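What follows is the residue order along each chain.
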Amino acid sequence: MPSPTARRIDEIEGLRGLALTLVVLFHLFGMGRVSGGVDVFLFVSGFLLTLTMLRSWSTGRPQNLRRRYTRIILRLTPAALLVLAATAVLTLAVLPPSTWSQTAREITAAAFYYENWELIGSQLAYGAAGPSTSPVQHFWSLSVQGQFFLVWPLIMVALFAVGGRHVWTKHLVAVVVASASVASFIYAISLNANEPAVAYFDSFTRFWEIGAGALLAVVFSRVNRVGDAWRVVLGWVGAALIVASGFVLDGAKQFPGPAALVPVVGAALIILCSGEPTRLGVDRALATPPMRWLARISYPLYLWHWPILIGYLAVRDYDHVGVLGGAFVLVAAGVLAWLTQRFVSEPILERASRAPRKHHPILAVAAAAALTVVVSSGATAAEQSRSETLSSVADEASEYPGALVLTEGSVAPEGVEPAPDASIAFDDLPAVYSEKCIQNYRDQPQYAVVQTCEPRGDADSDIEIVMSGGSHTQQWADAMTILAERHHWRLTIIDKDGCRLSLDEHNPNASCVAWNKAAMDELIRIRPDAVFTVSTKTYLDKPELVIPGQLTAWQTLDEADVPVIGVRDTPRFPWRIPECLEERPDAPADCGLDRARVYAETSPTLSVDRLPDSFIELDVADGFCDGRCEPVVGNVTAYRDDDHMTASYSTTLVPLLEDELKASAGYLFRE
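The model shown is predicted, which means the values in this text are computed figures rather than measured ones. (Residues numbered from 1 in each chain as written. Predicted model: local features only at pLDDT ≥ 70, side-chain atom pairs only at ≥ 80, totals over all residues. Heavy atoms only, no water.)

## Section: the side chain of Thr205
The topology assignment puts Thr205 in helix 9 (residues 203-219). Within the local environment of Thr205, its side chain forms a polar contact with the backbone oxygen of Ala199, the two atoms lying 2.6 Å apart. Apart from the residues within four sequence positions on either side, Thr205 is in contact with Ser184, Tyr187, Ala188, Leu191, Ala199 and Pro256. (Helix = DSSP H or I, 4+ residues; strand = E, 2+ residues; numbered from the N terminus. Polar contact = N/O pair within 3.5 Å; in protein donor to acceptor, adjacent residues only side chain to side chain. Contact = heavy atoms within 4.5 Å.)

## Here's the deal with the pattern of salt bridges
Under the counting rule described, the total for this entry stands at 21 salt bridges. For Asp569, the salt bridge is made with Arg500, and the minimal N-O distance between the two is 3.2 Å. With Asp569 in the loop between strand 5 (564-567) and helix 22 (577-583) and Arg500 in the loop between strand 3 (490-493) and helix 20 (510-526), the pair connects residues that are 69 residues apart, well separated along the chain. Side by side, Asp569 and Arg500 carry an identical accessibility label, which is buried. The shortest N-O distance in the salt bridge between Arg640 and Asp641 comes to 3.8 Å. Accessibility expressed as a relative area gives 2% for Asp641, which makes it buried. Through salt bridges with shared partners, a single ionic network connects Arg500, Asp569, Arg572 and Asp643. (Salt bridge = Lys/Arg side-chain N within 4 Å of Asp/Glu carboxyl O. Buried < 20%, exposed > 50% of the residue type's maximum accessible area, 1.4 Å probe, protein only.)

## Brief notes about the pairing of strand 2 (residues 464-467)
What you see with strand 2 is no split at all: Glu464 and Val466 on one side and Ile465 and Met467 on the other are buried throughout. In the sheet, strand 2 pairs with strand 3 via 4 bridges, with the strands oriented parallel. Note that in strand 3 the partner of Met467 across the bridge is Ile493. When strand 2 meets strand 4 (residues 530-534), the two strands line up parallel, connected through 3 bridges. Across the sheet, the residue bridging to Met467 is Phe532, located in strand 4. (Pairing = 2+ DSSP bridges.)

## Some words on the environment of Tyr187
Note on placement: Tyr187 falls in helix 7 (residues 168-194). Taking C-alpha positions, Tyr187 is 7.7 Å from Phe204, a pair spaced 17 residues apart along the chain. Not counting residues within four places of it along the chain, the set of residues in contact with Tyr187 comprises Asp202, Phe204 and Thr205.

The analysis is restricted to geometry; functional conclusions fall outside its scope.
Set out below in structure tokens:
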């Protein structure tokens, strides 16, 4: 049986080094552009692991999974844990406290190779906390690789067990790899069209790049070697495709869709043109001393450059790095990468190769667990502090009058620190979000299903109010819950984040359109006494207005004898209030703005044509702004980001909300 590795592939380390170095250079000097380096990195990972396992199978050697996993862990983990530990220290030293909790979660995710899923679940969630980029975000690609390294050997061993030593075993492997890769490619095209940010990090959309490398490994020994002239030409074409992809393609939006074929094909050409050294080929360039040195330190260079970059931006208070700053980060990362490779990674691998021990992978996992325990302990303490701070607004109302300062002329005592603190304000969410019953905002068919939360207030009441209309409606959930309990209403929540209650066929989010149709059917079926929703939309660059699709929804509900209660929107700011307060602790007023910039003089709902007679408008603008909209009102931090109020502030608006409801929707009060 011919060996699948009979040909030399001296270029492979240089290729991997080129890929990771391109990622670093584009992060520092690419002005927001994304190189094809990660795509090449994943392709090479799939190629090498599959080729190595095929080598063992072709020679009849048993597949030693313990040894293979040990080698992978010892090659990847020590440097990664060192950088993660340093990043934890960096976070505490220079990054704002509001980022600590999320960074702690991501350090844990990175240590156990699920950072890409953590990013999808948190940083890409609707209304994610702040624009500050995580110092461990770059671990997403290592997580995809780590997941592949964990699962793929098991699949390969299972396929070898099914096929045995028969020649058709390679055909079986090829069929499985090709089928999975095609499915992944189709999924990548679909998800990239609707949610490119999610597709970028998703393991399943990325598998086709790894699978393409695995498929090349399967057929590698069967591909005839081309002549030296063609090897030179095609090798340089491959290198050009890899390098040029970052300049000519918008990788952040197009990868891992079909556009990612450009760097992947480039990597495949270089590998296919491998063999004996040529005089003018790309193999010569990849084998030069500088490229060999870059290949040697490329992995720790990739690990170090990103947290150093984020730390540099934080210390300098910049939102981007210039040429000199990028050069500084590159040099610092290069030095740390060489030290890490020379004194951490290589000694550990060398010692393990001389004296292999069963406990080596256990020690690596234990180190990751220890790092997680330390980081999680700090996060737990922060969560405890968060809970205590948030409860103070409700328990010490005299010190935290909040909106009562604007609506009832209450006086806020001086010398009281605002609550919630800016570092935790983002997490001051309505309690309903902990129940996981609010539908996801993402534009996928499964997120068009209507979900209903457990009722609040008096579940047996004959007065039912349904809240629906996106996060700007749900920010009132805690205040409405208080009123539901006080007046014995049955309060039901049916909602989808990022999706106003609207009948708008032109909404680019197809799942929102489908969800709204289903939600309207459910509301008409329930026939509540009122549907509570947000009625206007505030802007910074144009006047407050009523969205036409919402008016259509109100008219449809009116025809079904279902009244709508619309609450005026909250202000919007050009910055995230908690971050602004952290940056200007001595001048919080700098984070406010004039009321006229966000609110119309009177609610635009009142002048809408064909407004249903049953529609009820609640004008609560005075609860947020007088002449100005301030970030802290009555010692309460009013906003959790740039356009949502904190749950704590919403509870201080209960008197205003109750008065508005009694004046306009008195039929709900039957005491």
